[in-house]
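Tertiary structure, described
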Amino acid sequence: MKMITVRRPNTLRGALSDFDRYFESFFGDSHFSSAMGHFARLPAVDVRESDNAYVMELELPGYAPEDVEINVDGSSLSISSAGEEAKEEKDEGTWLLRERRQAGFSRSFKMPDNSDPEGISAGFKNGVLRLEIKKRPEAQKRSIKIAAE
């Protein structure tokens, strides 16, 4: 039988794994480990604001645009994917080592009061989902000229 051995240097990731193993050995199947695994699967999100929009970028390596669902309900924005467990897996051989997983996720955000739910656009490039959420025109910053009398 073929075997691949992974050597992990003594890093924070290795220490965290040792910590998880300690809890599992003490408590059995640790809820702590499953909770940590859940948070590790949530995509990282960056949000920035400009004068006329909010821009969100989510890291989604390995996902395709058709794998991701975006929904708006009032002021709630939800981004989710079923992940690989919902896909049909092709018979491409037996895994010897598998550390990369494309798990399902669901993230929800409350949009600011000045955002326009109708003015949301989405793009996907290089594993990054980019959402632009326009601000309502009346909520956008504007300058007022002072008239000389």
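Below: a short report on this structure. (Residues numbered from 1 in each chain as written. Predicted model: local features only at pLDDT ≥ 70, side-chain atom pairs only at ≥ 80, totals over all residues. Heavy atoms only, no water.)

**Let's talk about the packing of aromatic side chains**
Geometrically, a pair of aromatic rings is defined through the distance of the ring centres and the angle of the planes. All chains considered together, the criterion is met by 1 aromatic pair. On the basis of an interplanar angle of 85° and a centroid distance of 5.6 Å, the ring pair of tyrosine 63 and phenylalanine 105 is categorised as edge-to-face. Here tyrosine 63, found in the loop between β2 (53-59) and β3 (68-73), pairs with phenylalanine 105, found in strand β5 (residues 103-110); they are 42 residues apart in sequence, far enough to count as distant. Phenylalanine 105 matches tyrosine 63 in its accessibility class, with the two residues each being buried. When the ring centre of tyrosine 54 is taken as origin, the NZ or CZ atom of lysine 135, which lies over that ring, is 5.0 Å away. (Phe/Tyr/Trp six-rings, centres within 6.5 Å; stacked < 30°, edge-to-face > 60°. Helix = DSSP H or I, 4+ residues; strand = E, 2+ residues; numbered from the N terminus. Buried < 20%, exposed > 50% of the residue type's maximum accessible area, 1.4 Å probe, protein only. Lys NZ or Arg CZ within 6 Å of the ring centre and 35° of its normal.)

**Side note on the pattern of salt bridges**
Inspection of the entire model under this criterion finds 6 salt bridges. Lysine 134 is the salt-bridge partner of glutamate 132, the closest N and O atoms lying 3.0 Å from each other. Residue classification places glutamate 132 among the buried residues on the basis of a relative accessible area of 19%. One salt-bridge network, in which partners are shared between bridges, spans Arg48, Glu57, Arg130, Glu132 and Lys134. (Salt bridge = Lys/Arg side-chain N within 4 Å of Asp/Glu carboxyl O.)

**A word on the side chain of glutamate 132**
In this fold, glutamate 132 is placed in strand β7 (residues 128-135). Among the polar contacts made by the side chain of glutamate 132, one reaches the side chain of lysine 134 at a distance of 3.0 Å. Beyond its immediate sequence surroundings of up to four residues, glutamate 132 is in contact with Ala53, Tyr54, Val55, Gly119, Ile120 and Ser121. (Polar contact = N/O pair within 3.5 Å; in protein donor to acceptor, adjacent residues only side chain to side chain. Contact = heavy atoms within 4.5 Å.)

**Considering the pairing of strand β1 (residues 45-49)**
With 0 of 5 residues buried, β1 is to be regarded as a mostly surface element. Summarising the sheet, β1 and β2 pair through 5 bridges and their orientation is antiparallel. Its bridge partner lying in β2, glutamate 49 is registered against tyrosine 54. Remark: 3 residues form the turn of the hairpin made by β1 and β2, two consecutive strands paired antiparallel. (Pairing = 2+ DSSP bridges.)

**Examining the sheet that holds β2**
Sheet architecture is open: 4 strands sit in the order β1-β2-β7-β6, paired in antiparallel fashion. Each edge of the sheet is formed by a strand with only one pairing partner; in this case those strands are β1 and β6 (115-125). The sheet shows a mean angle of 15° between the axes of neighbouring strands, taken without regard to direction. Pairing analysis gives 7 bridges linking β6 to β7, with the strands arranged antiparallel. Bridging across to β7, serine 115 finds its partner in lysine 135. (Axes fitted to C-alpha atoms, helices over the stretch in contact; angles between N-to-C directions.)

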